[in-house]
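Given next are the chains, with one letter for each unit.
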Amino acid sequence: MTGWIFAVLLSAGEARALPAGIAGDWIVSTPEAQIRAQQEAAMQRALASLPSMLHGIAGTLIRPAFFYCAAYRLTVDKAVDGDAFTTSCDGRPPLALAVGGSRSVTYDGQPFTAALSGGDSEVLLSLSGSNGTRTTRYLPVAGGLRVEVSVESPRLAEALRWVIDYRRA
């Protein structure tokens, strides 16, 4: 995941309530084959704009962006002046931010700017670094949690996108 960041992209500075229903422990419910198929299709779209002789090298550089969490621990802390959100992926150290807030973080040894936004129906977490921005959108859905991921970079003709569903652990 070198050089990629998770970022939240909603109206900064506003005190907004986050969906409390996303709090808890979550594990992947989307079949692995379906996740890989989405990611492979996104990879092929990204490579389509490049000469075929560069596909191998470019694929090697792009593939780390397809990281996803097998398990999440999410918390929403309610406050009068705005909610705070904490996410922990696969037992890694948690990342906590207030809605509309941003700060510098180090993730997998790389520096990023993390930003959080959201409202009563979603949470957006963005990590921005020198290679681009990774935005993770957390949405409560019937019976679970949907996580939509978008990775954007000036080096990519179009964003890499995939969706993974989670169920309570």
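Coordinates for the structure precede this section.
Throughout, residues of each chain are indexed from 1 in the direction in which the sequence is written. Local features in this predicted model are restricted to residues of pLDDT 70 or higher, and side-chain atom pairs are both shown and tallied only at a pLDDT of 80 or more, whereas totals for entire chains, interfaces and linings draw on every residue. Side-chain calculation: all heavy atoms of the structure are included, whereas hydrogens and water are not.

Trainee: What exactly am I supposed to notice about the overall build of the protein chain here?
Mentor: Secondary structure assignment for the protein chain yields two helices and eleven strands. When the helices and strands of the protein chain are read in sequence order from the N terminus, they spell out β-β-α-α-β-β-β-β-β-β-β-β-β. The buried label goes to any residue with under 20% of its type's maximum accessible area, the exposed label to any with over 50%, and the partly exposed label to all in between, with areas taken from a 1.4 Å probe on protein chains only. Per-residue burial for the protein chain yields a buried fraction of 44% across its 169 residues. Considering only intrachain contacts with a sequence separation of at least 6, the fraction spanning at least 24 residues in the protein chain is 54%. A 1.4 Å probe and the Shrake-Rupley method give the accessible areas. Residues count as covered only by the protein chains that appear here. By element, 56% of the accessible surface of the protein chain is carried by carbon and sulfur atoms, the whole surface being about 8,200 Å². Working definition: helices are DSSP H or I runs of at least four residues, strands are E runs of at least two. Numbering for both runs from the N terminus. Throughout, a residue-residue contact means that at least one pair of heavy atoms, one from each residue, lies within 4.5 Å.

Trainee: In this structure, what is going on with the packing of aromatic side chains? I would like to understand it.
Mentor: For any pair of aromatic rings, the description rests on two quantities: the centre-to-centre distance and the angle between the ring planes. Any two rings among Phe, Tyr and Trp, with Trp reduced to its six-membered ring, count as a pair given centres within 6.5 Å; such a pair is stacked if its planes are under 30 degrees apart, edge-to-face if over 60, and tilted if neither. Throughout the structure, instances matching the rule amount to four aromatic pairs. Ring plane angle 50 degrees and centroid distance 5.3 Å describe the contact between Phe85 and Tyr138, whose orientation is recorded as tilted. In this pair, Phe85 sits in strand β4 (residues 84-89) while Tyr138 sits in strand β9 (residues 132-141), placing the two residues 53 residues apart along the sequence. Residue classification places Phe85 among the buried positions, given a relative accessible area of 2%. Members of the aromatic cluster, each reached through a chain of ring pairs, are Tyr72, Phe85, Tyr138 and Tyr166.

Trainee: Can you walk me through the packing of helix α1 (residues 32-47) against helix α2 (residues 55-62) in this structure?
Mentor: The relative placement of two packed helices comes down to the angle between their axes together with the axis-to-axis distance. Orientation is described by lines fitted to C-alpha atoms, with helices fitted over the stretch in contact, and by angles between N-to-C directions that extend from 0 to 180 degrees. Packing of α1 against α2 brings their axes to within 10 Å, and their N-to-C directions diverge by 130 degrees. As the angle between them shows, α1 and α2 are arranged oblique. The crossing of α1 and α2 is right-handed. Together, Met43, Ala46 and Leu47 of α1 and His55, Ala58, Gly59 and Ile62 of α2 make up the contact between the two elements. Residue composition of the contact of α1 with α2, by class: five nonpolar, two polar and no charged. Note on angle classes: values under 35 degrees are labelled roughly parallel, values over 145 roughly antiparallel, values of 65 to 115 roughly perpendicular, and the remainder oblique. With the far helix as reference, a near helix turned anticlockwise by less than a right angle produces a left-handed crossing, and one turned clockwise produces a right-handed crossing. The nonpolar class holds Ala, Val, Leu, Ile, Met, Phe, Trp, Tyr, Cys and Pro. Asp, Glu, Lys and Arg form the charged class, and all remaining residues, Gly among them, are polar.

Trainee: How do you make sense of the pairing of strand β2 (residues 24-28) when you look at a structure like this?
Mentor: Looking down a regular strand, the side chains alternate between one sheet face and the other. Here the rule is simple: two strands pair whenever DSSP picks up at least two bridges between them. Judged from the four bridges that link them, β2 and strand β3 (residues 71-77) form a sheet pairing that is antiparallel. By the bridge assignment for β3, Trp26 is matched with Tyr72. As defined by bridge partners, β2 adjoins strand β11 (residues 160-168) across three bridges and the pair is classed as antiparallel. Pairing of Val28 across the sheet is with Tyr166, part of β11.

Trainee: I keep staring at the state of the cysteines and nothing clicks. Help me out?
Mentor: Each disulfide is one covalent bond, formed between the sulfur atoms of two cysteines. Only a pair of cysteine sulfur atoms within 2.5 Å counts as a disulfide in this structure description. Counted under the stated rule, the structure contains one disulfide. Here Cys69 pairs with Cys89 through a disulfide, and the sulfurs are 1.9 Å apart. Between Cys69 and Cys89, the S-S dihedral sits near -115 degrees, and the bridge is therefore left-handed. In this pair, Cys69 sits in the loop between α2 and β3 while Cys89 sits in strand β4, placing the two residues 20 residues apart along the sequence.

Trainee: Just to check I follow, could you spell out the environment of Arg103 for this structure?
Mentor: Tracing the chain through its elements places Arg103 in strand β6 (residues 102-107). Residues Arg103 and Ala114 lie eleven residues apart in sequence; the distance between their C-alpha atoms is 5.5 Å. Apart from residues no more than four positions distant in its own chain, Arg103 is found in contact with Leu95, Ala96, Leu97, Phe112, Thr113 and Ala114. Polar contact is defined as a pair of N or O atoms within 3.5 Å, subject to the rule that within protein one atom must be able to donate a hydrogen and the other to accept it, and that residues adjacent in sequence are counted only when both atoms are side-chain atoms. A polar side-chain atom of Arg103 sits 3.4 Å from the main-chain carbonyl oxygen of Ala96.

Trainee: Can you help me understand the pattern of salt bridges in this one?
Mentor: Salt bridge, as applied in this entry: a Lys or Arg side-chain nitrogen positioned within 4 Å of an Asp or Glu carboxyl oxygen. With the rule as written, the count across this model stands at seven salt bridges. The closest approach of N and O atoms between Glu158 and Arg45, which form a salt bridge, is 3.3 Å. You can see Glu158 sitting in the loop between β10 (144-152) and β11 and its partner Arg45 sitting in helix α1, a full 113 residues away along the chain. By relative accessible area, which is 39% here, Arg45 ends up partly exposed. The shortest N-O distance in the salt bridge between Asp165 and Arg146 comes to 2.7 Å. Taken together, the positions of Asp165 in strand β11 and Arg146 in strand β10 put the pair 19 residues apart, joining distant regions of the chain.

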